[in-house]
Amino acid sequence: KSGLGTQNRELRIVRHCRVSFAVQCCRLLYPMGNTPGTMQASQDASDGDCVVIGYTWDGKKLAGSSPVSWTRASRAASTGKSKISSGSTTSDSLSSGSSFVAAAVLSGPSTKAICTALKQVRKTCPQTFTIVHSPQVSRSARGRLDCFRAGARMLAHDDAAVEQGLRTIMRQFDAAASVPNPSGRVYSCPECGLAGLSEDALHLHFPLYHSMENTRAHDCPICDRRASEFRAFAVHLHNEHGPIEEREPAFPAFAAFSWVVCRRPSDGKLLLCHEPAAIAGGKPAYWFPAGRVDEGETFLMAGERETQEEAGIQANVKGVLLFKLEGGLVPRVVLYAEPVEDQTKEQEEGAAGGQRSAAVGTTACIPKSLPDFESCGAVWLDVSELDNLTERDYRGGGTAELYRAVASGELAPLPLDNPSYEALEEMVQRLTKDQDCLMDKWLAEIKRVWALLKEDNPPERLKME
């Protein structure tokens, strides 16, 4: 079936399913009677168990002894009519809906059991949004990577993060129902085949479901450009389609980068992000909050912005750890930062995406759980957890050594209030606004400021690459 009439029928079905599923989300997180919520389910699971709660798009709750049991029951109930393929969506595929599991929340203390269940869910329902909610896994550097490898699409730090994830996947069809593009076209995800998505919905869907995966090269279903014409489909989709306000600003001609090592003073834990697989060797490897300095920014401004975007943490830069210069032209500054920790009484309600919750006698900023274009989430880790990782688990070399040096106090932050650092910040703020692209002028400026940095800082803090 094709044509606008069919698409309108599909969208009416989606609206109905969306309301029903939203009610089920609330029941999942705030259960009635004796039905356990996700946190309680995690606490009730024994050491070798994994509790799985699944939901279909039409709001039916699926539960059983294993993911296979409820996915098989769901498929049998649908008699094969509601399978969604990579082709155009049919009204049957969304109306019956009972065989397509929209979301699955997996809880329990055992990483091995959760990974086994994840593989079963993804094998049976590859379009399902899988959320792992386990305090034990969340605190484990190795366990997090194992869950992503097994098929997790989100690692939730708390119940609020689970709710955020469930509500966000429904936004795909909030956007689809409005059909903002004049043609009324809807699209299927070229990676997983989820159908009935508007341009804005596909813009939301792709990083939400696939930023943690090693995706294939895809032609663009919106503008029909070939995969060979752009660097990566995820980048093309994010910057060329969808809401204009959510696209990245154009890069300045002058390139400069800010990296942030963020440490929480209350317990000494370090903040690590999961980089999108497309830029981290095909998996969500660990890395600093880091990124390019935007037009008119300083290194400090860029570092605090990137920490918020990639880790969901509001942080204050306190000092400088290293100055790097690549090829004599591209400066990279490694900054030291600490999270903004508000008064405990003001932060008693935990939430995901950078909001904070109370711990005993202190506040512990909760990092980002929800995947997006910027990252697949973030986590506070004790430095001892880094012993369970290998060099391949990081986006770049030397990451663990730098974190360990900061944690031990061997690499203490240098002050920001010195003339050479102020000259560096003034230079980058000015050159990122420079449209003339005069290479000789840039080189002269960098040479002048680098000489000032050499005079004011220990030689081991300046590195030429």
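By convention here, each chain's residues receive numbers from 1 onward along its written sequence. Local features in this predicted model are restricted to residues whose pLDDT is 70 or higher, and side-chain atom pairs enter the listing and the counts only when it is 80 or higher, whereas totals over whole chains, interfaces and linings include all residues. Excluding hydrogens and water, the side-chain values take into account all heavy atoms of the structure.

A. Expanded view of the state of the cysteines. Disulfides are defined as pairs of cysteine sulfur atoms found within 2.5 Å of each other. In the structure shown here, the tally under the stated rule is zero disulfides. Here Cys223 is not cross-linked by a disulfide; its sulfur's nearest cysteine counterpart is in Cys220, at 3.6 Å. The buried label applies to any residue whose accessible area, calculated with a 1.4 Å probe on protein chains only, is under 20% of its type's maximum; exposed applies above 50%, and partly exposed to all values in between. By relative accessible area, Cys223 is classed as partly exposed at 31%.

B. Geometry of the packing of aromatic side chains. Two rings from Phe, Tyr or Trp (for Trp, the six-membered ring) form a pair when their centres are within 6.5 Å of each other. A pair whose planes differ by under 30 degrees is stacked, one over 60 is edge-to-face, and the rest are tilted. Across all of its chains, the model carries seven aromatic pairs by this definition. Taken together, a centroid distance of 4.9 Å and an interplanar angle of 80 degrees make the contact between Phe206 and Phe233 edge-to-face. Of the two residues, Phe206 sits in helix α9 (residues 199-210) while Phe233 sits in helix α10 (residues 233-240), which places them 27 residues apart along the sequence. Ring centres of Phe254 and Trp442 lie 5.3 Å apart, and the angle between their planes is 80 degrees; on these two criteria the pair is classed as edge-to-face. Of this pair, Phe254 sits in the loop between α10 and β6 (257-262) while Trp442 is found in helix α14 (residues 439-456), placing the two residues 188 residues apart along the sequence. As far as burial versus exposure is concerned, Phe254 and Trp442 are alike and both buried. To qualify as a helix, a DSSP run of H or I must reach at least 4 residues; to qualify as a strand, a run of E must reach at least 2; elements of each kind are numbered from the N terminus.

C. The arrangement of the sheet that holds strand β2 (residues 61-62) in detail. DSSP bridges decide pairing: two strands pair if at least two such bridges lie between them. The mixed open sheet is built from five strands, whose spatial order is β2-β1-β3-β4-β5. With partners counted over all chains shown, the strands left at the sheet margins are β2 and β5 (154-156), one partner each. Bridge count between strand β1 (residues 51-56) and strand β3 (residues 101-107): six bridges; the pairing is antiparallel. The residue bridging Ile53 from the neighbouring strand is Val105, located in β3.

D. Quick peek at helix α12 (residues 399-408). Residues of α12 that are buried include every one of Thr399, Ala400, Leu402, Tyr403, Ala405 and Val406, and no others. Downstream of α12 by a residue or two, Gly409 has a phi angle that is positive, lying close to 85 degrees.

E. Focus on the side chain of Ser110. With respect to the helices and strands, Ser110 occurs in the loop between β3 and α5 (111-124). Pairs of N or O atoms within 3.5 Å make up the polar contacts considered here, provided that, within protein, one atom can donate a hydrogen while the other can accept it, and that residues adjacent in sequence are counted only when both atoms are side-chain atoms. Within polar-contact distance, the side chain of Ser110 engages the backbone nitrogen of Ala113 at 3.1 Å.

F. Here's a closer look at the pairing of β6. For β6, the tally of buried residues reaches six of six residues, placing the bulk of the element in the interior. Bridge count between β6 and strand β9 (residues 290-292): three bridges; the pairing is antiparallel. Among the inter-strand pairings, Phe257 is bridged to a residue of β9, identified as Arg292. Bridge analysis of β6 against strand β11 (residues 330-339) gives six bridges, and the strand direction is parallel. Across the sheet, the residue bridging to Phe257 is Arg332, located in β11.

G. Just the side chain of Thr298, in detail. Considering the arrangement of structural elements, one finds Thr298 in the loop between β9 and α11 (299-311). Excluding residues that lie within four positions of it along the chain, Thr298 makes contacts with Val293, Glu425, Val428 and Gln429. Working rule for contacts: check all heavy atoms of both residues, and any pair within 4.5 Å makes them a contact.

H. Local environment of the environment of Ala217. By secondary structure assignment, the location of Ala217 is in the loop between α9 and α10. Between the C-alpha atoms of Ala217 and Ala234, which are 17 residues apart in sequence, the distance is 9.4 Å.

I. Spatial organisation of the nonpolar core. With 35 residues, the main nonpolar core has Phe254, Phe299, Phe323, Tyr421 and Leu424 as its most contacted residues. Sorting the residues of this core by element identifies β6, β7 (270-274), α11, β10 (315-326), β11, β14 (378-381), α13 (419-431) and α14 as the ones contributing at least two each. Every residue in contact with Phe254, bar those within four places of it in the chain, is listed here: Arg292, Leu329, Pro331, Met427, Val428, Leu431, Thr432, Trp442 and Ile446. With 30 residues, the next largest nonpolar core counts Trp57, Val105, Cys192 and Leu197 among its residues. Among buried residues, those of type Ala, Val, Leu, Ile, Met, Phe, Trp, Tyr and Cys that are joined through side-chain atoms within 4.5 Å constitute a nonpolar core.

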